[in-house]
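# Structural description and commentary
Here's the letter readout for the chains.
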Amino acid sequence: MKRVLREPLLHFVVLGAAFFVAYGLGRKSGSGEPRKIVVTQGQVEHLVTGFARTWQRPPSSEELAGLIRDQVREEVYCREATALGLDKDDSVIRRRLAQKMEFISNDVAARVEPSDADLNAYLQTHAEGFRLEPRFTFRHVYLDPERHGADLARDTARLLVQLTAAGDTADVSALGDPFLLEHELDGAPAGDVARQFGEPFAKALARLDTGRWQGPVESGYGLHLVFVRERTEGRVPALSEVREAVRRAWDDERRSNANEKFYRELLKRYTVTIEESPKAEPKKLAGNTLK
């Protein structure tokens, strides 16, 4: 039964039935007495609910009377504007109506609750989009090529010997040349490292051994001697780690697919003509052939 309820075809049937009922009601209310305005009890309840949602209390009698007056004014203006054809060729109104159709389709699609199996399948299919970046915990000492000039290679080699002797306890802030960024980063994602030091530096960190001073490693600033304490490899996370993100993406994709299928079904009812130029014969396209 659940599987049947999840079928897109059923959603279109339900959506189509909803449109049919709404269309029928609209014709019924508009065909009898065009100069008669009826504010239904349902509309009054809608006004009360909207007011309470905004002001966190129900409206007073005077406030409700004001809301109903505004409703009637809006209805009068709307009918008169429609009678004058003011809704025709209005891009704002056209976009709003199209938006409302999409909202209805979205609402139907959003009512489907995915199972863990659905979300797991989505995660595996789109694994790269959820892949966790490699992370690095490292220390570094900077050498400015301009300061050292021709002695850069010699000074780098001497500093590497000094750092190797000191090991992980070396005072990195007191060694090397002044550097504006941090000398130690803890669990920094590869993307952050690349943004700070450059892509080649981040890639080099992925190749270095852990637990010893190495280098020099080149960045956009100059050279660095680096001690990688810990490196966490990138991986596809378990669903429990990224469930909310997967759910959002799953909803977006389902909503997008439902909207597109719904539009394609509607488009089949139309023949679309696209005029290419005043001299050319207009082309007629069946709705289901318009891509």
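If you're wondering where the values come from, they're calculated on a predicted model, not measured in any experiment.

## Re helix α4 (residues 61-83)
For α4, spanning 23 residues, the distance from its first C-alpha to its last is 33 Å, which sits close to the expected 33 Å at 1.5 Å a residue. Among the residues trailing α4, G85 stands out with phi positive, at a value near 75 degrees.

## Observations regarding a nonpolar patch on the surface
The grouping of I37, V76 and Y77 at the surface amounts to a nonpolar patch, some 260 Å² of accessible area in total. On the basis of relative accessibility, which here comes to 35%, the residue V76 falls in the partly exposed class.

## Things to note about the confidence of the model for the protein
In the predicted model, the protein carries a mean pLDDT of 82, and the fraction of residues at 70 or more is 83%. Under a pLDDT of 50 for its full length, residues 20-31 has, in the predicted model, zero contacts with residues more than four places off or in other chains.

## A look at the packing of helix α6 (residues 116-125) against helix α12 (residues 239-267)
As a packed pair, α6 and α12 sit with axes 9 Å apart at the nearest point and diverge in direction by 90 degrees. For the element pair α6 / α12, the angle class is roughly perpendicular. Every residue of α12 that contacts α6 at D116, D118, L119, N120, Y122 and L123 is listed here: L239, V242, R243, V246, R247, A249, W250 and E253. Along the lines of polarity and charge, the residues of the contact of α6 with α12 split into eight nonpolar, one polar and five charged.

What counts, and where the lines are drawn
Residues numbered from 1 in each chain as written. Predicted model: local features only at pLDDT ≥ 70, side-chain atom pairs only at ≥ 80, totals over all residues. Heavy atoms only, no water. Helix = DSSP H or I, 4+ residues; strand = E, 2+ residues; numbered from the N terminus. Expected span 1.5 Å × (residues − 1). Patch = residues over 30% accessible without salt bridge, like charges linked within 9 Å, V, L, I, M, F, W, Y side chains within 5 Å. Areas by Shrake-Rupley, 256 points an atom, 1.4 Å probe, with all protein chains shown as cover. Salt bridge = Lys/Arg side-chain N within 4 Å of Asp/Glu carboxyl O. Buried < 20%, exposed > 50% of the residue type's maximum accessible area, 1.4 Å probe, protein only. pLDDT = per-residue confidence, 0-100. Contact = heavy atoms within 4.5 Å. Axes fitted to C-alpha atoms, helices over the stretch in contact; angles between N-to-C directions. Parallel < 35°, antiparallel > 145°, perpendicular 65-115°, else oblique. Nonpolar A, V, L, I, M, F, W, Y, C, P; charged D, E, K, R; others polar.

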